[in-house]
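# Structural overview
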Amino acid sequence: MSAEGSSSSDAAVRIEAYLDDRPEAVQVLTAPPFRFQLDTASLEEGEHTLRLVRIDAAGRRRERRIPFTVEHQPGLVVRGLEPGATVTGRVDVDVVTPRPAAPPPTVSTAKGPPAWLYVLSTVLILGGIWVFFMLVPMYSAIVSKPASSATASSGASASAPPVDQQLLKTGEQLYGSDCAACHKPSGEGNPPTFPALAGNSFLSDPTAVVKRVYDGAGAMPSHHSYTATQLAAVATYIRNTWGNSYGGVSVDVASKAVPAASKGSGASSTSGTGSSSGSSSGSSASGSSTPASSSSSSSSSSSTSSSTSQAGASSATTASSDAMQAGKKLYTSECQGCHQPNGAGMPPTFPALAGNDFLSNASAVMQRIFDGKGAMPSHHSFTAKELADVATYIRNSFGNDYGPVSVDQAKQAVPKAAQ
């Protein structure tokens, strides 16, 4: 791969190469030409994927996956029996195994000096070293002090940054709300889709950790609603839990790693995640479009029972543009990392939403969004208005036509949702 782009911010400054779903990069290239050698000798036979991540000067990431097949042994050629053939009686089958490649011819080399000359040289060199140490005993005293100081300096450089206990506590709450469903409370993950965090050397780089939490990657959704304080908190927690001891992450480090993150102090509890998300997409809607929400709820409350039992035929009321727009913002921020922008999902871990008849039951949809299930995290910070908006969006996008969802329906389906 080579650096491209029309401006300095578009130029590639780093290429990371990963194999399959392994969290550790097999190669990290920081200067062109971006070229490396992939050794497949240690890989198992079968299908594999090379994943290349391109990072430009502005911190933007682009990813490309290249599937390939590893075969260590020569294949088999079968003659006399074709796949899918209909046969009867005896059939002569020839199995041909291609011969392995012949070893390269040996190249004769000129003879070197005789062996006794090597022995004599070795004796003279070792003898000279012995004489030196015997005649200069103070040598050990000369080098002892620099050695001890070097050890002390290396120990100091290896010390981890201090851990802010308040950030650690906040990070634990954020992890439990937004990360534990996929990476497990124990940090063991759900490999290969969600790698283990316990003992993961990727966490040694605080900048890379903060960027991964913010932008997501693969099946991991982005967290663009996080403030710099929240990013620092969750990074501090996962870097210092389950036996990890990589040190704290300050708010300044998080702000420099992700300049796009808001500089607000964030929330000190789990509800902060939802408040930041809601403020960006749902709070303004809840304040300005409350009359529209109540009017749509009154028009659709009478048909709640029928709309949740019939697939999409009962969508007599068209979803309002305000609800669709607010729902799209929430979906982009919280859902599309797993279910994809086109609703195709990532089966079997994250099912497709396009053409999914589960969406015909509005109450079940909102309960699933709120509580999560399996690899899908919960969204307990969502308000009833946000639940109604995102449910309306996914029920009427990607070719779906299951009708709108009102705030009253959300309140009845999820009484625990914030009003």
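Our subject is the structure listed above.
Fair warning: this is a prediction, and the values are worked out from it, not measured in the lab.

Here the focus is the pattern of salt bridges. Taken as a whole, this structure holds 6 salt bridges when the rule is applied. The closest approach of N and O atoms between R61 and E16, which form a salt bridge, is 3.6 Å. Here R61, found in strand β4 (residues 61–70), pairs with E16, found in strand β1 (residues 12–19); they are 45 residues apart in sequence, far enough to count as distant. With a relative accessible area of 28%, R61 lands in the partly exposed category. The network of salt bridges with shared partners includes R14, E16 and R61.

Now for the pairing of strand β3 (residues 46–56). Within β3, 8 of the 11 residues are buried, which leaves it mostly tucked inside the rest of the structure. Inspection of the sheet shows β1 paired to β3 by 7 bridges, in the antiparallel sense. Bridge pairing in β3 links R14 to I55. Relative to β4, β3 runs antiparallel, the two being bridged by 10 bridges. Within the sheet, the bridge partner assigned to R54 lies in β4 and is R62. A loop of 4 residues connects β3 with β4, the two strands running antiparallel in sequence, and G59 in this loop sits at a positive phi of about 90 degrees.

The end-to-end C-alpha distance of helix α6 (residues 228–239), which contains 12 residues, comes to 16 Å, matching closely the 16 Å that a straight helix rising 1.5 Å per residue would cover. With 12 of its 12 residues buried, α6 lies for the most part within the structure. All of the buried residues along α6 are A228, T229, Q230, L231, A232, A233, V234, A235, T236, Y237, I238 and R239.

We now examine unusual backbone geometry. With a phi angle near 55 degrees, D20 is a residue other than glycine that sits in the positive phi range. Secondary-structure assignment places D20 in the loop between β1 and β2 (27–29). The phi torsion at K184 lies on the positive side, around 70 degrees, for a residue other than glycine. Residue placement: K184 occurs in the loop between α4 (180–183) and α5 (206–215). Overall, the relative accessible area of 28% leaves K184 in the partly exposed class.

Time to look at the sheet that holds β1. Pairing between sheet strands relies on hydrogen bonds along the backbone, with the strands arranged either parallel or antiparallel. Read across the open sheet, the 4 strands follow the order β2-β1-β3-β4; overall the sheet is antiparallel. With partners counted over all chains shown, the strands left at the sheet margins are β2 and β4, one partner each. Pairs of neighbouring strands in the sheet enclose a mean axial angle of 15 degrees, with direction left out of account.

Relative to the assigned elements, I55 resides in strand β3. Measuring from C-alpha to C-alpha, the distance between I55 and A11 comes to 8.3 Å, with 44 residues separating the pair along the chain. Ignoring sequence-local partners within four residues, the contact set of I55 consists of A11, A12, V13, R14, E16, R60 and R61.

So, on to the pairing of β1. Burial analysis of β1 places 6 of its 8 residues in the buried class, the great majority of the element. Sheet analysis places β1 next to β2, joined by 3 bridges and oriented antiparallel. Counterpart to A17 in the pairing with β2 is Q27.

For the rest of this paragraph, the subject is the environment of G372. Residue placement: G372 occurs in the loop between α14 (362–371) and α15 (384–395). Of the residues examined, G372 reaches a relative accessible area of 16% and is grouped as buried. Taking the C-alpha atoms as reference, G372 lies 8.3 Å from A181; in sequence the two are 191 residues apart. Among all residues touching G372, those that are not within four sequence positions of it are Q367, P377 and S378.

Taken as a whole and judged by the stated rule, the model has 6 aromatic pairs. Look at Y237 and W242: their rings are 5.6 Å apart centre to centre, the planes differ by 80 degrees, and that puts the pair in the edge-to-face class. By relative accessible area, which is 11% here, Y237 ends up buried. The residue whose ring lies beneath R51 is Y18, and the NZ or CZ to ring-centre distance is 4.4 Å.

Right, let's get into the nonpolar core. Counting 28 residues, the largest nonpolar core has Y175, V209, V210, L231, I238 and V258 as its most contacted members. Of all elements in the fold, only α3 (165–178), α5, α6 and α7 (251–257) reach the threshold of two or more residues within this core. Counting residues per element, this core draws most heavily on α6, at 8 residues. When residues no more than four places from it in sequence are discounted, the contact partners of V209 are F202, L203, A235 and I238. Among the nonpolar cores identified, the runner-up in size contains 27 residues, and Y331, M366, A384 and A410 belong to it.

In this section: α15. Think of an α-helix as turning once every 3.6 residues; residues three or four places apart then point the same way. Between its first and last C-alpha, α15 extends 16 Å over 12 residues, near the 16 Å set by a 1.5 Å rise per residue. Buried residues dominate α15, accounting for 12 of its 12 residues. Listed as buried for α15 are A384, K385, E386, L387, A388, D389, V390, A391, T392, Y393, I394 and R395.

Next up on the list: the packing of helix α12 (residues 321–334) against α15. The geometry of α12 relative to α15 is characterised by a closest axis approach of 7 Å and an angle of 90 degrees between their N-to-C directions. Taken as axis vectors, α12 and α15 run roughly perpendicular relative to one another. Where α12 abuts α15, its residues A323, M324, A326, G327, K328, L330 and Y331 lie against E386, D389, V390, T392, Y393 and I394. Across the contact of α12 with α15, the residue classes tally to 8 nonpolar, 2 polar and 3 charged.

Cut-offs used in this document
Residues numbered from 1 in each chain as written. Predicted model: local features only at pLDDT ≥ 70, side-chain atom pairs only at ≥ 80, totals over all residues. Heavy atoms only, no water. Salt bridge = Lys/Arg side-chain N within 4 Å of Asp/Glu carboxyl O. Helix = DSSP H or I, 4+ residues; strand = E, 2+ residues; numbered from the N terminus. Buried < 20%, exposed > 50% of the residue type's maximum accessible area, 1.4 Å probe, protein only. Pairing = 2+ DSSP bridges. Expected span 1.5 Å × (residues − 1). Axes fitted to C-alpha atoms, helices over the stretch in contact; angles between N-to-C directions. Contact = heavy atoms within 4.5 Å. Phe/Tyr/Trp six-rings, centres within 6.5 Å; stacked < 30°, edge-to-face > 60°. Lys NZ or Arg CZ within 6 Å of the ring centre and 35° of its normal. Core = buried A, V, L, I, M, F, W, Y, C linked by side-chain atoms within 4.5 Å. Parallel < 35°, antiparallel > 145°, perpendicular 65-115°, else oblique. Nonpolar A, V, L, I, M, F, W, Y, C, P; charged D, E, K, R; others polar.

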